[in-house]
There are 2 protein chains.
Amino acid sequence: MTLRDLIERKRDGGHITAEEWRDFTRDLAAGALADYQVSALLMAIYFRGLDDDETVALMEGMLHSGRTLDLRHLTVGRVDKHSTGGVGDKVSLILAPLVAACGVAVPMMSGRGLGHTGGTLDKLESIPGFDTRLTLERAAAQVERLGCALIGQTGEIAPADKRLYAMRDATGTVEAIPLIAASIMSKKLAESLTGLVLDVKTGAGAFLPELDDSLRLAATMIGLGARHDCPVVALLTNMDSPLGEACGNANEVEESIATLKNGGPTDLRELTLRLGAEMLVLGRAAPSAAVARGLLEGALASGAALERFREIVAAQGGDPRVCDAPAAVLPQPPVREPWTAPRDGVVLRIEPRTVGRGITAMGGGRSTMEERIDPSVGFRITTRPGDRVKRGEVLATIEARDAASAAAGRAALDAAITIGDSAPPPIPLVSHRVSASGVELLG
Amino acid sequence: MTLRDLIERKRDGGHITAEEWRDFTRDLAAGALADYQVSALLMAIYFRGLDDDETVALMEGMLHSGRTLDLRHLTVGRVDKHSTGGVGDKVSLILAPLVAACGVAVPMMSGRGLGHTGGTLDKLESIPGFDTRLTLERAAAQVERLGCALIGQTGEIAPADKRLYAMRDATGTVEAIPLIAASIMSKKLAESLTGLVLDVKTGAGAFLPELDDSLRLAATMIGLGARHDCPVVALLTNMDSPLGEACGNANEVEESIATLKNGGPTDLRELTLRLGAEMLVLGRAAPSAAVARGLLEGALASGAALERFREIVAAQGGDPRVCDAPAAVLPQPPVREPWTAPRDGVVLRIEPRTVGRGITAMGGGRSTMEERIDPSVGFRITTRPGDRVKRGEVLATIEARDAASAAAGRAALDAAITIGDSAPPPIPLVSHRVSASGVELLG
């Protein structure tokens, strides 16, 4: 069976067997396949999809194409959170130390920003010295000691996924649900998890803006987890406007530290608590979400979560004084300019994609994986949809590296923020909860 | 605009502009595009198609990516024939010298066999010394002197097409009608034609087995030709069973010479005359198909067509004695075995794909462009669907290089030839004629 046969079969809507997926991922990891055939197969999958058995087989093939972060000797639950990516989404930075402080291990593997969404690794690396490229051995030892490590996907973890993922971005095949699900789960199962919480962003700024697609992604992930004794719970959460106030890199670290200090924007704190409660229950550290929430609130109020973050920063080579004086440690933007309301009215929309692209235009994001980013630039958007505002009122701060960068940022906010006359209907922060038991409509 | 943007736009059913196609083909010919992005675009085109303007722009971009065989100084008409490919289809070998002998120039660019279909270049090269790799200058001089040259696509002609075509075969994107039409026309217009006759094979052994697809291909080609003052006439011809008796390479040359000597199998002679008549009319060498047919029959009966073939063979380095004693000049198979009817009855089917794959299994075809072929092997199938046969009657000869090759050939014929009880309905040799004036139902 040649790769051409597989392409043609998938193109015509046929089924690829588990054995064929195993051979495919093995050859892919070994660099033995022609890229142009792999990308043609990806596009055929984009149009034809994968059935459940194919998705499982592809995911398992990618998982077994590399090494794993073996944590099975730990007695505590091992739970990670994965977000499909949004703008201003710095939840991971708060959640990982917070949940670890409550007794569940969080071996967190994150990605970099691309396109309009930011990435946890980029944000962490705005802390001077912070090293996200730990060896698997060092990461395992840190999880054992501190309950948490914050790392990127090494070349050893699911190398077949790494090759596919790199190609998908360049070939317009990112937005294929079975490929998304198999890619995420191959990496997450390589962390030897006992549970996974999935934050599926919905709305204008989401990667999958359609509700049906979000539910389908959740169901696919739950199915993949079930076959590997890794229960998955998904929350569908609002990405119609950026999460929190800070959008960028260094400024998001600062906002995360404020939240770990029991402050921070309400929506950010609330989403962190909702996701964290699911993690504690999955990790058997709490019998119910209500109890879990109490534990989490306690760890924020007591400073335990912040202390855990400080220890993680120090363990990974970062400057722990970032916890005490973020503005003194983190890179600061040379230019700060206010953005004011152009008229009286009600804030109707803060379009996250436009905000995200504005950060890229200012130098704080990337269009290709090779670009370097400036961690100091971004926005602080202090208004929210539904707010009544007066003309001239400051609604945001543009944080830029120079006048041109500030102008690009201003243009993005001009396009992103819409002010109208009557208040928009409120959108719930968490709209659905999906688990093996089914879909609950919330909010 | 990046290639990724084009891929995503086509994937989502959008339109790519003429300027974007021009840049794409220019960069493709220069080797400046990532193969894996090109193949993803091809697969998106497979699913989404191209509209008329896109097909024209792609075709023109490929045409202008290289040099042309400039024959515009000739006063005679310049007409070529293109077949979508079948089994036993040696029409080009007869038609080119025959039409040239009747006063129309035939600058014929042909391809090699791949998969279950044979290729004119492979057949010609079974004549010792025959060189199909002429320079454009030498080919032009030969067309001027003999009215015909039989060549392959050089690296200079439509290099963008050459790259796309090579990739399409490996990526399951061959069977996309706009890509087929643009590919054929970019090469044919590079011959500076004043007319083109298209032989669209229909039926079980055809590349596009569905009638709708055949008509769509014809209409697309006619549309592309019309924009470049190159009228196109398409005949839809039967490929439910192999054409003529010989299927292979050297044996097809022998059968072509027999036909040029005014003999040969009836179906092969008839199809050659039908296509040739269209070529003479398009080339303004005859006022009607009936007059053209008389001219063609005369050139076969007088020996003028055979003499023209002899001159072409000699001009391209081949041994012209092949015209006098084909069996003494052409490579002969070491093993010849009869294939006999397994029962009394009527021949229902001779499945061309199975026959074609049998030739490949015997060593006379190729699965990848790198393989070498043995020109001596193949079949002579002397029966036709509808023939009443007796058990033990010889219906075919297997021509093989050794016992194993013969066994492979026998297995193929066992599978390809079906004998039943009642005669199948007769199938017309030419079912439709399509031109700028519309579709005529024939037969």
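Before going into details, it helps to say that this report is about the structure given with it. (Residues numbered from 1 in each chain as written. Chains lettered and ligands numbered in written order. Predicted model: local features only at pLDDT ≥ 70, side-chain atom pairs only at ≥ 80, totals over all residues. Heavy atoms only, no water.)

Turning next to the interface of chain A and chain B. Listed by partner, the interface residues are 23 residues for chain A and 23 residues for chain B. Across the interface of chain A and chain B, roughly 1900 Å² is buried in total on both sides, 61% from carbon and sulfur atoms. Contact with chain B buries surface across chain A, with R11(A), Y36(A) and F47(A) losing the most and accounting together for 33% of the total. If you look at where chain A meets chain B, you find four salt bridges. Residues R11(B) and E175(A) are paired through a salt bridge, measuring 3.2 Å at the closest nitrogen-oxygen approach. (Contact = heavy atoms within 4.5 Å. Buried area = accessible area lost by both parts, 1.4 Å probe. Salt bridge = Lys/Arg side-chain N within 4 Å of Asp/Glu carboxyl O.)

Okay, helix α12 (residues 266-282) of chain A next. Residues and elements named next belong to chain A. With 17 residues, α12 should cover 24 Å at 1.5 Å per step; its first-to-last C-alpha distance of 24 Å lies within 8% of that length. Most of α12 sits out of view: twelve of its 17 residues are buried. By the burial criterion, the buried members of α12 are D267, L268, L271, T272, L273, L275, G276, A277, E278, M279, L280 and L282. A positive backbone phi angle near 60 degrees is found at R284, which sits one or two residues after α12. (Helix = DSSP H or I, 4+ residues; strand = E, 2+ residues; numbered from the N terminus. Expected span 1.5 Å × (residues − 1). Buried < 20%, exposed > 50% of the residue type's maximum accessible area, 1.4 Å probe, protein only.)

Within the secondary structure, S183(B) is located in helix α9 (residues 177-189). Look at S183(B) and you get buried, because its relative accessible area is 3%.

Residues and elements named next belong to chain A. Tracing the chain through its elements places T259 in helix α11 (residues 250-260). Note on T259: relative accessible area 1%, which makes it buried. Setting aside chain neighbours within four positions, we find T259 in contact with I94, G264, P265, L268, R269 and L300.

All names here are of chain A. Summarising burial for helix α5 (residues 91-101): ten of the eleven residues are buried, a large majority. V91, S92, L93, I94, L95, A96, P97, L98, V99 and A100 are the residues of α5 that are buried. G103, located one to two residues past α5, shows a positive phi value of around 100 degrees.

The next subject is the sheet that holds strand β13 (residues 430-435) of chain B. Residues and elements named next belong to chain B. Spatially, β1-β4-β5-β13-β14 is the arrangement adopted by the five strands of the open sheet, whose pairing is mixed. Of all strands in the sheet, those bounded by a partner on one side alone are β1 (79-83) and β14 (438-441). Taken over all neighbouring pairs, the strand axes of this sheet differ in orientation by 20 degrees on average, direction set aside. Judged from the four bridges that link them, β13 and β14 form a sheet pairing that is antiparallel. (Pairing = 2+ DSSP bridges. Axes fitted to C-alpha atoms, helices over the stretch in contact; angles between N-to-C directions.)

To continue, consider the sheet that holds strand β7 (residues 335-340) of chain A. Residues and elements named next belong to chain A. Pairing in this open sheet of four strands is antiparallel, and the strands run β6-β9-β11-β7 from one edge to the other. The open sheet is flanked by β6 (246-248) and β7, the only strands paired with a single partner. Between one strand and the next, the sheet's axes are offset by a mean angle of 20 degrees, whatever the strand orientation. Of the strands in this sheet, β6, β9 (378-381) and β11 (394-400) touch α11, which is tilted by about 145 degrees from β6.

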